[in-house]
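Remarks on the overall topology
Letter by letter, the chains look like this.
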Amino acid sequence: MKTYIAQRLAIAILTLFGMSIVIFVLLRLAPGDIVDVLFSAAGYVNPSEKKAILQELGLDKPYWRQYLDWIGQIFVGDLGKSYRYDLPAWQIIRPLVPVTVELAILSTIISVVLGVPTGVISAVRQDSALDYALRVFSLAGLSMPSFWLGMVIILSLVSWLGWIPPLTYVRPTENFWLHAVQFMLPALAVGYRSSALIMRITRSAMLEVLREDYVRTAWAKGQNERVVVWRHALKNAVLPVVTVIGIEFAFLIGGLVVTETVFNLPGVARFLVEAILWRDYPIVQNLVMLIAFVVVLVNFLVDMAYMVLDPRIKYAD
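Residues numbered from 1 in each chain as written. Predicted model: local features only at pLDDT ≥ 70, side-chain atom pairs only at ≥ 80, totals over all residues. Heavy atoms only, no water.

1. A look at a nonpolar patch on the surface
A surface patch of nonpolar side chains, about 560 Å² in accessible area, is lined by Phe 17, Ile 21, Val 22, Val 25, Leu 26 and Leu 29. By the secondary structure assignment, Val 25 is in helix α1 (residues 2–29). (Patch = residues over 30% accessible without salt bridge, like charges linked within 9 Å, V, L, I, M, F, W, Y side chains within 5 Å. Areas by Shrake-Rupley, 256 points an atom, 1.4 Å probe, with all protein chains shown as cover. Salt bridge = Lys/Arg side-chain N within 4 Å of Asp/Glu carboxyl O. Helix = DSSP H or I, 4+ residues; strand = E, 2+ residues; numbered from the N terminus.)

Structure, rendered in structure tokens:
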């Protein structure tokens, strides 16, 4: 067990190291930097001023030196300063993270609450009218982008109720009710789409498990349907579902760009796009590394969860 955890941690560290190189290289391959953006916006280029700004920002150093400086800053907990705002990068990133994490958690909860029960019911009632209705429900969720569904929700509220959600971010300490409504609407839009995928995976896993001998034996012994389905079958079909839930949660940390824009939420994904447009390297590099860290961490936790959910899985030392 300890050996496996050590191996997984080593792989995670190597993965993050490789991601840091990819992030750094791809960002530098993009044409121009923040100095070019600034002079392009001004409509003229002053070579001496441009050189002075490059030196001030450290962009005149060789790429390998810039990379080592960035990695060194991460190890000491200093994420550098934003080129655009001239503020510590962590000071800018810190208030963005709770917004995106809260939205991702709420969306994941909604997707699990909707997806798992409907997947189980669809599998148990295979080829029935209810099964076809739930499959159409899931296909609709997969077909509709979450940001489009979010706009439909907003327009419906305006048309039917004459009410529109808050257009500016409301902190829970300011007005908890408005804050909850502001997050519940995008969480429903995003969670519905994720629930459709979870429902399909749950249904497929359950259909496979329901054909196993031990399930047929439980039916033959006359056990209660609820016990057979929810305690025996679902317990053994849950592993692929947990994997999908973990992947969906990790995706949401960096994949809510349009949704955050539609609902005007100051989250990580939305701000990341703005930082890329400004070539604000410290912000972009650290935000993408944060997303990569979340993905690696979630995958590690999913692997650990396998042993808890299925005692048959053992990782020998």
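So, next bit.
2. With respect to the pattern of salt bridges
Across all of its chains, the model carries eight salt bridges by this definition. With its nearest N and O atoms 3.3 Å apart, the salt bridge here joins Lys 61 to Asp 69. Its salt-bridge partner being Asp 131, residue Arg 135 comes within 3.3 Å of it at the nearest N-O pair. With Arg 135 and Asp 131 both in helix α7 (residues 129–143), this residue pair falls four residues apart, about one helical turn. In this structure, a network of salt bridges that share partners links the residues Lys 61, Arg 65 and Asp 69.

3. What about α7?
Its 15 residues give α7 an end-to-end C-alpha distance of 21 Å, which sits within 8% of 21 Å, the value for a rise of 1.5 Å per residue. Among all positions of α7, only Asp 131, Leu 134, Ser 138 and Gly 141 are buried. Viewed end-on, α7 has its buried residues packed into an arc of 85°, placing them on one side of the element. In α7, the exposed positions angled more than 90 degrees off the buried face are occupied by Ala 129, Val 136 and Ser 143. Packing partners of the buried residues in α7 comprise α6 (96–124) and α9 (176–210). (Expected span 1.5 Å × (residues − 1). Buried < 20%, exposed > 50% of the residue type's maximum accessible area, 1.4 Å probe, protein only. Arc of directions from axis to C-beta. Contact = heavy atoms within 4.5 Å.)

4. Observations regarding the nonpolar core
In this structure, Leu 59, Ile 283 and Leu 287 are the most contacted members of the largest nonpolar core, which totals 45 residues. For this core, the secondary-structure elements that each account for two or more residues are α2 (34–42), α5 (89–93), α6, α8 (146–161), α9, α11 (225–254), α13 (268–277) and α14 (281–309). Each residue touching Leu 59, except ones within four places of it in the same chain, is listed here: Asp 33, Ile 34, Val 35, Leu 54, Gln 66, Tyr 83 and Tyr 281. Among the nonpolar cores identified, the runner-up in size contains 19 residues, and Val 116, Val 228, Val 241 and Ile 245 belong to it. (Core = buried A, V, L, I, M, F, W, Y, C linked by side-chain atoms within 4.5 Å.)

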